[in-house]
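For reference, the chains in residue letters:
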Amino acid sequence: MEINKLFGNLVVLESDVLKRTNSTLETSLRNATDSPMFGTLRIKLKKFSEHVNGDYQMSLMSSKCEFSTLVQPNYLASLKNLLFVLDELGNLTINELTAANEFKIRANLKLNLVNVKSLALSQCFMAITLTDLNKEQMKSIYKKYKLKNMEHKCGIMLFKMDSSLTNPKFDRLIDLNKYGGFKSPSGIGLLDPSLLFVCDRETRCVLKIDIKSGDLVQHIQLNEADPTGICLLERKYLIVADSFRHELSLYDADKLIKLRATKLSDEFQSFNGPYDITVLQRSSQQQQQQQQQQQDDYLLFVKNRADTKVLIYDMSFNLYNYFEYEHSNLQGIASIANMKSNRNDLLILGVNYPSNNVAAAVNNGSNGKSSKSSPPPPTRLVLFSEIH
């Protein structure tokens, strides 16, 4: 249906709603300026446009705080109220989120790794994937961790967690070659007490491994795919991001049976495929208002490495909304537990400000906050403390 055939002068819609995206609907609304319109239709169209394109974005952006970080926030993972921040060289900081929604550094570790591609946590383990190692890099890791054999160019470094969850100790290197010649492990997930999920971009598969026995439990072969990220939900579900198909897939984590899949919305052609994903619990107030069922208590946040947008889906894989974090390169993404509600309903983004955009960044943080007269550090953690 062409917008110009509607009764109405659509120009009365507020510009602060219409300018946020360039959807087909909004482009049509802007161009329809010459016909009269009944007031009730005007109100309905305005409400539709606000709901689809505006409310969630403005709610998120109005409640952010930024914090300085000691390392590049390439990879983020959380455990309770602890946030692990890891860069590609294995520099790790462990940060505690306080009741005042401020970060306190609990540990700063140099793991002396290279070519890190992903990070995962559980109560028992911390896992880090490595790829594309040359001989000198393999030799360095061999010496640091006293490995008996480091002949392959990729693997998973496994660390045991202590009771404080802030002092991971190296346990072993998981050699992925024994499971079918892994070449480029990317997304990784851990499920207590001893299950590990990992996807590989080159061999296009997802593995489920028993850490204690070292046995391959299950295997999924994906055709014409590029699995880049995985995320576990409620010990029941595995979500896989596919950058080649521009697709999200939901699997039963026990049997690895695909339950549903969805293509990314055509509205985001420039998004260039999903890469990192995290699941965030809705606030208890929002859950009560919307009367959601148990699985719909969650929202799925999806980002890639070449865009400033974060797409938001519900667990039926309907596009819920999106927001855009301008003037920055998005790095890691994670959810973290709110000390007040004890729910993972806070969103964390790692951002890297290019030097020419540093001055344009907005800073509301308290811990590590820059003064108004000085630019912020180029790497930051962004905490969204009120998700509605």
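Residues numbered from 1 in each chain as written. Predicted model: local features only at pLDDT ≥ 70, side-chain atom pairs only at ≥ 80, totals over all residues. Heavy atoms only, no water.

**Considering the overall build of the chain**
For the record, the criterion: Secondary structure is summarised from DSSP: a helix means a run of H or I of at least four residues, a strand means a run of E of at least two, and numbering begins at the N terminus for each. Buried means the residue's accessible area, taken with a 1.4 Å probe over protein chains only, is under 20% of the maximum for its type, while exposed means over 50%, and partly exposed covers the values in between. We call two residues contacting when some pair of their heavy atoms lies within 4.5 Å. For every accessible area listed, the method is Shrake-Rupley and the probe measures 1.4 Å; residues are considered covered only by the protein chains on display.
On a plain count of helices and strands, the chain comes out with six helices and 24 strands. Counting all 388 residues of the chain, 54% fall into the buried class. Here the contacts in the chain between residues at least 6 apart in sequence split such that 53% fall between residues at least 24 apart. Here the chain has roughly 18400 Å² of accessible surface; of this, 47% comes from carbon and sulfur atoms.

**Observations concerning the sheet that holds strand E14 (residues 227–233)**
Applicable threshold: The pairing criterion is simple: DSSP has to find at least two bridges between the two strands. In this analysis, axes come from line fits to C-alpha atoms, helices being fitted only over the stretch in contact, and the angle between any two N-to-C directions falls in the range 0 to 180 degrees.
An order of E14-E15-E16-E17 is seen for the four strands of this open sheet, with the pairing classed as antiparallel. Where the open sheet ends on each side, the last strands, each with one partner, are E14 and strand E17 (258–263). On average, adjacent strands in this sheet sit at an angle of 15° to one another, irrespective of strand direction. In this structure, strand E16 (residues 247–252) lies alongside E17, joined through five bridges in antiparallel fashion. Residue Glu-247 lies in a different strand from E17, and its bridge partner there is Lys-263.

**Focus: unusual backbone geometry**
In this structure, Pro-193 follows Asp-192 across a cis peptide bond, with omega equal to 5°. Its location among the elements puts Pro-193 in the loop between strand E10 (185–191) and strand E11 (195–200). Unusually for a residue other than glycine, Asp-132 sits at a positive phi of about 55°. With respect to the secondary-structure elements, Asp-132 resides in the loop between strand E7 (125–130) and helix H5 (135–145). The phi torsion at Phe-317 lies on the positive side, around 65°, for a residue other than glycine. Inspection of the secondary structure assignment puts Phe-317 in the loop between strand E20 (309–314) and strand E21 (319–324).

**Describing the environment of Asp-307**
Residue position: Asp-307 is located in the loop between strand E19 (298–303) and E20. Overall, the relative accessible area of 11% leaves Asp-307 in the buried class. As for Asp-307 and Glu-324, which are separated by 17 residues in sequence, their C-alpha atoms are 8.7 Å apart.

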